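Take a look at the letters that make up each chain.
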Amino acid sequence: MVERYTHELVANRGAVDDELTLEMQQIFTKAEFSDLLFTICYHIGMQYVGRAMHWDDACPVPWLREAVEAAG
């Protein structure tokens, strides 16, 4: 579910479907969901920082790095 949510977040540039967000919020506590969202967004953001700094593989999560690169 987390991977699905992350793919939606990247593919839609942050505009995740409300139903999917509500589904995630039912699975996780408020604190867990907040931590999860922060972690996901940190790694997505590091892709852009990595590009600006010319770092290779800025994100340690290969499938997330590939998804961000594919979304452009």
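For clarity, every value in this text was computed on a predicted model and none was experimentally measured. (Residues numbered from 1 in each chain as written. Predicted model: local features only at pLDDT ≥ 70, side-chain atom pairs only at ≥ 80, totals over all residues. Heavy atoms only, no water.)

Draft legend 1. Layout of the nonpolar core. Within the largest apolar cluster, 13 residues are counted, with the highest numbers of intra-cluster contacts made by Tyr5, Val10, Ile40 and Ile44. Of all elements in the fold, only α1 (2-11), α2 (18-27), α3 (30-52) and α4 (62-71) reach the threshold of two or more residues within this core. Residue contributions to this core peak at four residues, all from α3. Look past the residues within four positions of Val10 in its chain and what remains in contact with it is Ile44, Leu64, Ala67, Val68 and Ala71. (Core = buried A, V, L, I, M, F, W, Y, C linked by side-chain atoms within 4.5 Å. Buried < 20%, exposed > 50% of the residue type's maximum accessible area, 1.4 Å probe, protein only. Helix = DSSP H or I, 4+ residues; strand = E, 2+ residues; numbered from the N terminus. Contact = heavy atoms within 4.5 Å.)

Draft legend 2. The packing of aromatic side chains, seen in detail. Enumeration over the complete set of coordinates arrives at two aromatic pairs. Geometrically, the ring pair formed by Tyr5 and Phe33 is edge-to-face, given 6.0 Å between the ring centres and 70° between the ring planes. A residue pair is termed long-range when its members are at least 10 positions apart, and Tyr5 in helix α1 and Phe33 in helix α3 qualify at 28 residues. Like Phe33, Tyr5 is buried. Geometrically, the ring pair formed by Phe38 and Tyr42 is stacked, given 6.5 Å between the ring centres and 25° between the ring planes. Of this pair, Phe38 and Tyr42 both sit in helix α3, four residues apart, which is roughly one turn of the helix. You can call Tyr42 partly exposed: its relative accessible area is 45%. (Phe/Tyr/Trp six-rings, centres within 6.5 Å; stacked < 30°, edge-to-face > 60°.)

Draft legend 3. Representation of α4 within the structure. Of all the residues in α4, the buried ones are Leu64, Arg65, Ala67 and Val68. The buried residues of α4 occupy an angular sector of 165° when projected down its axis, which confines them to one face. (Arc of directions from axis to C-beta.)

Draft legend 4. Broad picture of the pattern of salt bridges. Within this structure, the stated rule accounts for one salt bridge. Between Glu23 and Arg4 there is a salt bridge, and its shortest N-O distance comes to 3.9 Å. In this pair, Glu23 is assigned in helix α2 and Arg4 in helix α1, connecting sequence segments 19 residues apart. (Salt bridge = Lys/Arg side-chain N within 4 Å of Asp/Glu carboxyl O.)

Draft legend 5. Inspection of the packing of α1 against α4 at higher detail. Relative to each other, α1 and α4 sit at 25°, their axes nearing to 9 Å. Taken together, α1 and α4 sit at an angle that is classed as roughly parallel. Both α1 and α4 take part in a crossing whose hand is right-handed. For the pair α1 and α4, the contacting residues are Glu3, Thr6, His7 and Val10 in the first and Trp63, Leu64, Ala67, Val68 and Ala71 in the second. (Axes fitted to C-alpha atoms, helices over the stretch in contact; angles between N-to-C directions. Parallel < 35°, antiparallel > 145°, perpendicular 65-115°, else oblique. Left-handed = near helix turned anticlockwise from the far one by under 90°.)

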